[in-house]
Amino acid sequence: MAKSKVLVVGGTGHVGKRIVKACLAQGHTTYVLQRPEIGLDIGKLQMLLSFKEQGAHLVEGSFSDHQSLVDAVKLVDVVICTMSGVHFRSHSILMQLKLVEAIKEAGNIKRFLPSEFGMDPARMGDALEPGRVSFDEKMIVRKAIEGAKIPFTYVCGCCFAGYFVGNLSQLGTLVPPKEKVNIYGNGNMKVAYMDEDDIATYTIKTIDDPRALDKTVYLRPPENILTQRQLIEKWENLTGRKLEKCSIPAKDFLDSMKDMDYAGQVAVGHFYHVFYEGCLTNFEAGKDGKEASELYPEVEYTRMESYLKRYV
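Residues numbered from 1 in each chain as written. Predicted model: local features only at pLDDT ≥ 70, side-chain atom pairs only at ≥ 80, totals over all residues. Heavy atoms only, no water.

As recorded in an unreviewed UniProt entry, the protein chain goes by Isoflavone reductase homolog and comes from Coffea arabica. The UniProt entry for the protein chain carries the following comment under Sequence similarities (unreviewed entry): "Belongs to the NmrA-type oxidoreductase family. Isoflavone reductase subfamily." (UniProt positions renumbered as here; feature names shortened; annotations may be inferred.)

Here it is, written out as structure tokens:
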């Protein structure tokens, strides 16, 4: 079977650039949406030009120009959107509704993968304010996709290693602590971690796979399902240094929100669901879900011991 042609929307972002790379590596004809809104952001432009050098096609389109989106969508079989859903960057989840309208009008798309990749919003109905906005908006997008009868795959279920592993899951930093590490509760809640490059590899594996059609694919590789304490222990073994552990009770952690800005409050809520409630691991995939590591056992995903070595 011929490999699908793919349009990546949000291709210069943290996940998007990896999706483009994985698309090309797996032999797909790859288009990247080039939006005029990048303006004078030379970093994004240079990244787009580097994609072109690697074999991707750049296609112009804007969310303020419906026909340009329709025209871009008509070039491909699959659309993958990776627009940011985090509040300390550009929170753009609902912009995808314009993409849904374009896909609906084009009528040719055999799979749409919206911007997901983290917690499964369908399981976050009781999420805390204000962080629940991320899940509510993703569910609005899902409802639009399914209402338009657009074939889909939702890819979700893990913590990005870049944001949660190198820093030993500490808020407000991306690098490991040197002396003291905060532990959420008892630190024994199971969490799924994944290298963002592997997220991209698994995502592209799904697009031509009938087993993933109209399903949620969970990114929960068994050897990367770890407690926070296990993650810290791996770091201590690598460095040969013990860190002072400071356990934060759930109430104290939630109370810390009151002194934070909006983005900080969102982050605390999300950390709470992951590290105190275990929202990434406290369920089975079920009949509408699939485990990526079971579907694609050939993928040699990065183990977190190996990932941490770059920080030593």
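Let's pick the thread back up.
Enquirer: Would you mind showing me how to read the overall build of the protein chain here?
Expert: When helices and strands are tallied, the protein chain shows 12 helices and 13 strands. For the protein chain, the C-alpha radius of gyration of 20 Å lies close to 20 Å, the compact-globule estimate for 312 residues. By principal-axis analysis of the C-alpha atoms, the protein chain measures approximately 55 × 45 × 35 Å. Counting only residues that meet the buried cut, the protein chain has 53% of its 312 residues in that class. Excluding contacts between residues fewer than 6 apart, the proportion of contacts in the protein chain whose partners are at least 24 apart in sequence is 80%. With the model as given, the accessible surface of the protein chain reaches about 14,200 Å², and the carbon-plus-sulfur share is 51%. If you average the places of the 39 positive and of the 40 negative side-chain charges in the protein chain, the two averages end up 2 Å apart. (Helix = DSSP H or I, 4+ residues; strand = E, 2+ residues; numbered from the N terminus. Rg over C-alpha atoms; globule rule 2.2 N^0.38 Å. Buried < 20%, exposed > 50% of the residue type's maximum accessible area, 1.4 Å probe, protein only. Contact = heavy atoms within 4.5 Å. Areas by Shrake-Rupley, 256 points an atom, 1.4 Å probe, with all protein chains shown as cover. Lys, Arg positive; Asp, Glu negative; His and termini not counted. Charge placed at Lys NZ, Arg CZ, Asp CG, Glu CD.)

Enquirer: What is the right way to look at the sheet that holds strand β5 (residues 111-113) in this model?
Expert: Within a beta sheet, neighbouring strands are joined by backbone hydrogen bonds and run either parallel or antiparallel to one another. Judged by pairing direction, the sheet is parallel, and its 5 strands sit side by side in the order β3-β2-β1-β4-β5 without closing on themselves. Each having just a single partner strand, β3 (57-60) and β5 make up the two edges of the open sheet. For this sheet, the mean inter-axis angle between neighbouring strands, taken without regard to orientation, is 25°. The pairing of strand β4 (residues 78-81) with β5 spans 3 bridges and is parallel. The residue bridging Ile80 from the neighbouring strand is Leu113, located in β5. Each of β2 (30-34) and β3 is contacted by helix α2 (residues 42-53), which is oriented at about 160° to β2, the strand it contacts most. (Pairing = 2+ DSSP bridges. Axes fitted to C-alpha atoms, helices over the stretch in contact; angles between N-to-C directions.)

Enquirer: Where do I start with the sheet that holds strand β6 (residues 153-156) in this structure?
Expert: Spatially, β6-β10-β13 is the arrangement adopted by the 3 strands of the open sheet, whose pairing is parallel. This sheet does not close on itself; its edge strands, each paired only once, are β6 and β13 (289-291). Averaged over all neighbouring strand pairs, the angle between strand axes comes to 25°, with direction disregarded. Note that strand β10 (residues 215-218) and β13 share 3 bridges and pair parallel. Paired with Val217 across the strands is Lys290, a residue of β13.

Enquirer: Teacher, can you tell me more about the environment of Val181 here?
Expert: For Val181, the location among the structural elements is in strand β8 (residues 180-184). Each C-alpha atom of the pair Val181 and Cys246 lies 6.1 Å from the other, and the pair is 65 residues apart in sequence. Sequence-distant contacts of Val181, that is, excluding residues within four places in its chain, are made with Leu168, Gln170, Ile232, Leu243, Glu244, Lys245 and Cys246.

Enquirer: Help me understand the pairing of strand β9 (residues 190-194) in this model?
Expert: Successive side chains on a regular strand alternate, one facing one side of the sheet and the next facing the other. Most of β9 sits out of view: 4 of its 5 residues are buried. The pairing of strand β7 (residues 159-160) with β9 spans 2 bridges and is classified as parallel. Looking across to β9, one finds that Phe160 is bridged to Met194. Sheet topology note: the β9/strand β11 (residues 225-227) ladder contains 3 bridges and is antiparallel. By the bridge assignment for β11, Val191 is matched with Leu226.

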